[in-house]
Amino acid sequence: MACQRQDNEAVAAAQLIAERGLEGLGDAVSMLINEAMRLERERHLMAAPYERSPQRQGYANGYKPKTVKSRIGALELAVPQVREGGFYPASLERGLRSERALKLALAEMYVSGVSTRKIARVTEQLCGFEVSSTEVSRCSAALDEELTAWRERPLGACPYVVLDARYEKMRHGGTVVDCAVLLAMGVDTEGKRELLGVSVALSEAEVHWRTFLQDLAARGLHGIRLFVSDDHAGLKAARAAVFPSVAWQRCQFHLQQNAGHYVPTRALKKPVAADIRAVFDAPDAAEAKRLIERFIRTYEARAPKLAQWAETALPQGLAILALPLHHRKRLRTSNAIERVNREIKRRTRVATLFPNEASCLRLVSAVAMEISQDWQTGRRYLNMNENE
């Protein structure tokens, strides 16, 4: 019955859009959200309306009207209630979390006096309404509590951890600075990805990375077999201090880019790239070592600085050769975390400039939390059974 009702709502929503075009989009979305909330209440109560069931966990208690202003206009919703309390539809709350965070980030600029008329217009266009300082304070407290709980949640075993950073503009001490957003992605023992942590710091200095990694360890992160990251000096020193016995895979993509700085002529760029790719594609460590020695002999006369660089740098990109063959492709670079960076950039470019560290951390945390939850409920990223 629930499936039939859901199908009917989907058909009705599609008809609304077909008949009224974009004007019917808001009503269609409201209709689908309302149906999703009704189904969620049924699962919570473990019984359909008027159904007699020994598994029933409570009773429905009507609906509460709620208007949600979104980027497609005002959504008129009917939020299901239960007699015993303690129920709120996650299907409503989760979809609005990052939009609330973005609204608050922009609103803080307006309230703190550092924004421009352009920022005020963007806030209204994006969120559909203006936000007062009182509303900002109240919403910030509730949202921050939820996001802080996620950032401080206990962690478990993650055989693989990918580390990366990106930069956002922020006001600090009366000036505009580029602050570092530190990110950690893990692949757990079931092969699913999870964003382990996010932090905002003034730079990628060793002290900031070390604090970030120490926090992950204090929350219970263990069982790490491999770190994957770029060759940033601060990150390298922090990783060695906090997790000294864990192997490190230098991102092959960044290694390939770094090699270009040592190629003296344009004519050599393609053959050098092909020879480095051959090293990375080696089936085992012995073959990789042979190819590196051949690379050095080939270029030590024509490009001595390149040959000198290759002797120490290329072996740093070969830690994956100790892993199962079907794990290597996805762990040879830090690209696995690039989707997160792209999504963060898509959200933060609207804000342009954050008034403080808390505002930046709030928005980045909301985006990261949603992506991580999607990963955990989706398909496996890696097959952790080494025999398959």
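Preceding this section is the structure that the text describes.
Here's a quick rundown of the structure. If you're wondering where the values come from, they're calculated on a predicted model, not measured in any experiment. (Residues numbered from 1 in each chain as written. Predicted model: local features only at pLDDT ≥ 70, side-chain atom pairs only at ≥ 80, totals over all residues. Heavy atoms only, no water.)

### Thoughts on the overall build of the protein
If you tally the helices and strands in the protein, you get 14 helices and 7 strands. A burial count over the protein gives 45% of its 388 residues as buried. Across the protein, contacts joining residues at least 24 apart in sequence account for 65% of those joining residues at least 6 apart. Roughly 20,200 Å² of accessible area belongs to the protein as shown, and the carbon and sulfur atoms make up 52% of that amount. (Helix = DSSP H or I, 4+ residues; strand = E, 2+ residues; numbered from the N terminus. Buried < 20%, exposed > 50% of the residue type's maximum accessible area, 1.4 Å probe, protein only. Contact = heavy atoms within 4.5 Å. Areas by Shrake-Rupley, 256 points an atom, 1.4 Å probe, with all protein chains shown as cover.)

### Quick word on helix H11 (residues 304–313)
It helps to recall that an α-helix has 3.6 residues per turn; residues three or four apart then point in one direction. Among the residues of H11, those classed as buried are Leu306, Ala307, Trp309, Ala310 and Ala313. Seen end-on, H11 carries its buried residues on one side only, within an arc spanning 165°. Facing away from the buried side of H11 by more than 90 degrees, the exposed set consists of Lys305, Gln308, Glu311 and Thr312. Buried-residue contacts for H11 involve strand E7 (247–250), helix H8 (252–259), helix H9 (269–280) and helix H10 (285–299). (Arc of directions from axis to C-beta.)

### Regarding the environment of Tyr167
Among the structural elements, Tyr167 can be located in strand E3 (residues 160–172). Among the residues examined, Tyr167 registers a relative accessible area of 39% and is labelled partly exposed. Ignoring sequence-local partners within four residues, the contact set of Tyr167 consists of Asp178, Cys179, Ala180, Ser203 and Glu204.

### Notes on the packing of H8 against H9
Contact geometry for H8 and H9: axes closest at 10 Å, N-to-C directions at 150°. Looking at the two axes, H8 sits roughly antiparallel to H9. Between H8 and H9 lies a crossing whose hand is right-handed. For the pair H8 and H9, contact is made by Gln252, Leu255, Gln256 and Ala259 and by Ala273, Ile276, Arg277 and Phe280, respectively. Residues that form the contact of H8 with H9 fall into these classes: 5 nonpolar, 2 polar and 1 charged. (Axes fitted to C-alpha atoms, helices over the stretch in contact; angles between N-to-C directions. Parallel < 35°, antiparallel > 145°, perpendicular 65-115°, else oblique. Left-handed = near helix turned anticlockwise from the far one by under 90°. Nonpolar A, V, L, I, M, F, W, Y, C, P; charged D, E, K, R; others polar.)

### Regarding the packing of H9 against H10
Where H9 contacts H10, the two axes come as close as 9 Å, and the packing angle between them is 160°. The orientation of H9 relative to H10 falls into the category roughly antiparallel. Regarding H9 and H10, the two cross each other, and that crossing is left-handed. Between H9 and H10, the contacting residues are Pro271, Val272, Asp275, Ile276, Ala278 and Val279 on the first element and Ala288, Leu291, Ile292, Phe295 and Tyr299 on the second. For the contact of H9 with H10, the class distribution of residues is 10 nonpolar, no polar and 1 charged.

### Section: the pattern of salt bridges
If you walk through the whole model with that rule in mind, you get 11 salt bridges. For Arg166, the salt bridge is made with Glu168, and the minimal N-O distance between the two is 2.9 Å. Here the two residues Arg166 and Glu168 agree in accessibility, since each one is buried. A salt bridge links Arg290 to Glu287, with the nearest nitrogen and oxygen atoms 2.7 Å apart. Placement of both Arg290 and Glu287 in helix H10 is noted, with a separation of 3 residues, approximately one turn of the helix. One salt-bridge network, held together by shared partners, links Asp231, Lys236 and Arg250. (Salt bridge = Lys/Arg side-chain N within 4 Å of Asp/Glu carboxyl O.)

### Some details on the sheet that holds strand E4 (residues 175–187)
Ordered by their spatial adjacency, 5 strands build an open sheet running E5-E4-E3-E6-E7, and the pairing between neighbours is mixed. A strand with exactly one partner marks an edge of an open sheet, and here the two such strands are strand E5 (193–201) and E7. Strand-to-strand, the axes of this sheet are offset by a mean angle of 25°, without reference to chain direction. Across 3 bridges, E3 lies against strand E6 (residues 226–229) in parallel orientation. Counterpart to Tyr160 in the pairing with E6 is Leu226. On top of the sheet, helix H7 (residues 233–242) reaches E3, E6 and E7; it is set at about 170° to E6, its chief contact. (Pairing = 2+ DSSP bridges.)

### Looking at H9
Taking 1.5 Å of rise per residue, the 12 residues of H9 would be expected to cover 16 Å, and the 17 Å separating its terminal C-alpha atoms lies within 8% of that figure. Regarding H9, the residues found buried are Val272, Ile276, Val279 and Phe280. Considered in projection along H9, the buried side chains sweep an arc of 95° and stay on one side of the axis. Considering only its buried residues, H9 is in contact with H8, H10 and H11. (Expected span 1.5 Å × (residues − 1).)

### Some details on the nonpolar core
Among the nonpolar cores identified, the biggest contains 37 residues, and Tyr160, Met185, Leu195 and Val340 are the most heavily contacted of them. Elements represented by at least two residues in this core include exactly helix H5 (133–151), E3, E4, E5, E6, helix H13 (338–351) and helix H14 (357–377). When residues of this core are assigned to their parent elements, the largest contribution, 10 residues, is made by H14. Discounting chain neighbours no more than four positions away, the residues touching Met185 are Tyr160, Val161, Val162, Arg193, Glu194, Leu195, Leu196, Ala336, Ile337 and Trp375. Judged by nonpolar contacts, the second largest core, of 24 residues, contains Leu255, Ala303, Ala310 and Leu314. (Core = buried A, V, L, I, M, F, W, Y, C linked by side-chain atoms within 4.5 Å.)

### What to know about unusual backbone geometry
You will see that Met46, though not glycine, has its phi angle at about 60°, which is positive. Looking at the secondary structure, you find Met46 in the loop between helix H2 (25–45) and strand E1 (60–70). Relative accessible area serves as the criterion here: at 44%, Met46 is assigned to the partly exposed category.

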